[in-house]
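Survey of secondary and tertiary structure
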There are 2 protein chains.
Amino acid sequence: MEPTERLGKKRISESTIHRLSLYYRTLSMLEKENYETVSSKELAKREKLTPAQVRKDLSFFGTFGTRGLGYPVIELKKQIATILGIDRQWRVALVGVGNIGSALVSYKEFSRQDFHIVKLFDNDQRKIGSNHKGIVISDIKNLQTELQEAKIEIVIIAVPAAVAQYIVDDVVKANIKAILNFAPVNLKVPDDVYVRNENMSMELEYLSFAMVNEHPKKKLK
Amino acid sequence: MEPTERLGKKRISESTIHRLSLYYRTLSMLEKENYETVSSKELAKREKLTPAQVRKDLSFFGTFGTRGLGYPVIELKKQIATILGIDRQWRVALVGVGNIGSALVSYKEFSRQDFHIVKLFDNDQRKIGSNHKGIVISDIKNLQTELQEAKIEIVIIAVPAAVAQYIVDDVVKANIKAILNFAPVNLKVPDDVYVRNENMSMELEYLSFAMVNEHPKKKLK
DNA sequence: ATTATTTTGTGAAGCTTTTCACATAAGCCG
DNA sequence: CGGCTTATGTGAAAAGCTTCACAAAATAAT
């Protein structure tokens, strides 16, 4: 007896998830513009994709549209929020309140999507204890215990590359399963910890490459 | 008479270029650690890739290794710099000296790779004329002319989403062909202008998705 | 109520990227 | 120098992702 369909964890591509983020953003705009429904065509146009791509992406998660009509804006937005897990608050800590770090504390897109930075850590004695945008900066020495006490779920690393691995080791000990890393270094973590890297010079390098090589763009109809 | 091979502009995948950035970074570290040569195996291990991937990526651009030995660290680093176009200085301007903007001005990875931010622009009267990390902030009203006068080649957009398109229109008029955009909006530009988007909440959303769905990771041997 | 129109959802085709596997070349060692 | 080891470079296979194309479903129009 063969089960008709194993619904389990099929792997969804990274690109699909990233496009869901784009759809979410576009749907927020459409909502503000008082659209009630939107077609895959319109959604595609706004993010420079193809309608088929939009429909395929959504089809991995269910059927959300009405034939002949399109997708209901508010409802689809809600559904995508659920898929992405951003229909709830996430408790986030940030380590390293330097240039990048302090910019991130005030980064609107984070708070708008219910990523709440509730703890800050640094190793600089002049910063520790001071209040930064309403959050008192903690000593990195107490990282592990304070992450646990504050029930942090996601940690953002914004420290120099040279010390990032030491900090991550502590973060892992605090049983954190998700890390967003801004340090330009490849972090070693156990298999059950998710790490995503944010490397801002990569995109500049891509631009540089494209210009030097007059790199053709991907065709887009 | 058919030419044996058309060497022209075959499209290199975005992933390959991004990995070249990673190789470049790793090679810099290997250089510091006084390695003379490195195998595709070691290079792969350091960036969590496969050796075949490393060799294939490099093979698009030439043959850089020695069989039985590996790749010469310093030489390969130099070659990748040439491919990426980071063996020269790029003149960069940044528009929007807010949270993100000012963090980017001091971002070490940019300057280390010869992306030189030489102009800053803002529309805030309190900031205009003031000196920020050695650069006087210009009025955004003069964007077009000042970009041209300063011979800027790359513009970084770090302004609110609502005004990004207006600024980009001016940037395009100044004949700039490369834009790095931090505003969460899809910019419209002519076909010959390269735009890369940096969206920091996307990676947080990916983490959120992964946690909520216990998303399996891509297998890595 | 029938026909025309719109637009979804989705197998299948097509294309791209990654991985495999092996011939080939270089170094090393006795 | 000849055999052994290491590790590249690369066609070919495999896997993964995107686009096509069309049946199905819903609305609108007459």
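Scroll up a little and you will see the structure.
Below, the structure is looked at part by part. All figures in this text were calculated on a predicted structure; none of them were measured in a lab.

1. Considering the pattern of salt bridges
Residue and element names in this part refer to chain A. Summed over all chains, the structure comprises 28 salt bridges over all chains. A salt bridge links Glu42 to Arg46; the nearest nitrogen and oxygen atoms lie 2.8 Å apart. Of this pair, Glu42 and Arg46 both sit in helix H2 (residues 40–46), four residues apart, roughly one helical turn. A residue is classified by how much of its surface remains accessible, and Arg46, at 22% relative accessible area, is partly exposed.

2. Details of the pairing of strand E4 (residues 115–122) of chain A
Residues and elements named next belong to chain A. Burial runs high along E4: six of the eight residues are buried. Of the pairings in the sheet, the one linking strand E3 (residues 90–95) to E4 comprises six bridges and is parallel in character. Across the sheet, Val92 pairs through a bridge with Ile117, a residue of E4. Here E4 runs beside strand E6 (residues 135–139); their pairing, made up of three bridges, is parallel.

3. A closer look at unusual backbone geometry
All names here are of chain B. Positive phi, close to 50°, is recorded for Lys133, a residue that is not glycine. Mapped onto the elements of the fold, Lys133 is located in the loop between strand E5 (131–132) and strand E6 (135–139). Phi is positive for Glu214, which is not a glycine, with a value near 40°. Along the polypeptide, Glu214 turns up in the segment after helix H9 (200–213). A residue is classified by how much of its surface remains accessible, and Glu214, at 59% relative accessible area, is exposed.

4. Here we look at the sheet that holds strand E9 (residues 194–197) of chain A
Taken in spatial order, the seven strands line up as E5-E6-E4-E3-E7-E8-E9 (chain A) in an open sheet, and their pairing is mixed. Two strands close off the open sheet at either side, each with one partner strand: strand E5 (131–132) and E9 of chain A. On the sheet, helix H8 (residues 161–173) of chain A packs against E3, strand E7 (154–157) and strand E8 (178–181) of chain A and is oriented at approximately 170° with respect to E7(A). Contacts from H9(B) reach E3, E4, E7, E8 and E9 of chain A, with the element oriented near 165° to E9(A).

5. Quick notes on helix H3 (residues 51–59) of chain B
Think of an α-helix as 3.6 residues a turn; residues three or four steps apart then line up on the same face. Residue and element names in this part refer to chain B. Along H3, the positions that sit buried rather than exposed are Val54, Asp57 and Leu58. End-on, the buried residues of H3 take up no more than an arc of 95°, which puts them together on one face. The inward-facing, buried residues of H3 contact helix H1 (14–32), helix H2 (40–47), strand E2 (71–72) and helix H4 (73–84).

The rules behind the values
Residues numbered from 1 in each chain as written. Chains lettered and ligands numbered in written order. Predicted model: local features only at pLDDT ≥ 70, side-chain atom pairs only at ≥ 80, totals over all residues. Heavy atoms only, no water. Salt bridge = Lys/Arg side-chain N within 4 Å of Asp/Glu carboxyl O. Helix = DSSP H or I, 4+ residues; strand = E, 2+ residues; numbered from the N terminus. Buried < 20%, exposed > 50% of the residue type's maximum accessible area, 1.4 Å probe, protein only. Pairing = 2+ DSSP bridges. Contact = heavy atoms within 4.5 Å. Axes fitted to C-alpha atoms, helices over the stretch in contact; angles between N-to-C directions. Arc of directions from axis to C-beta.

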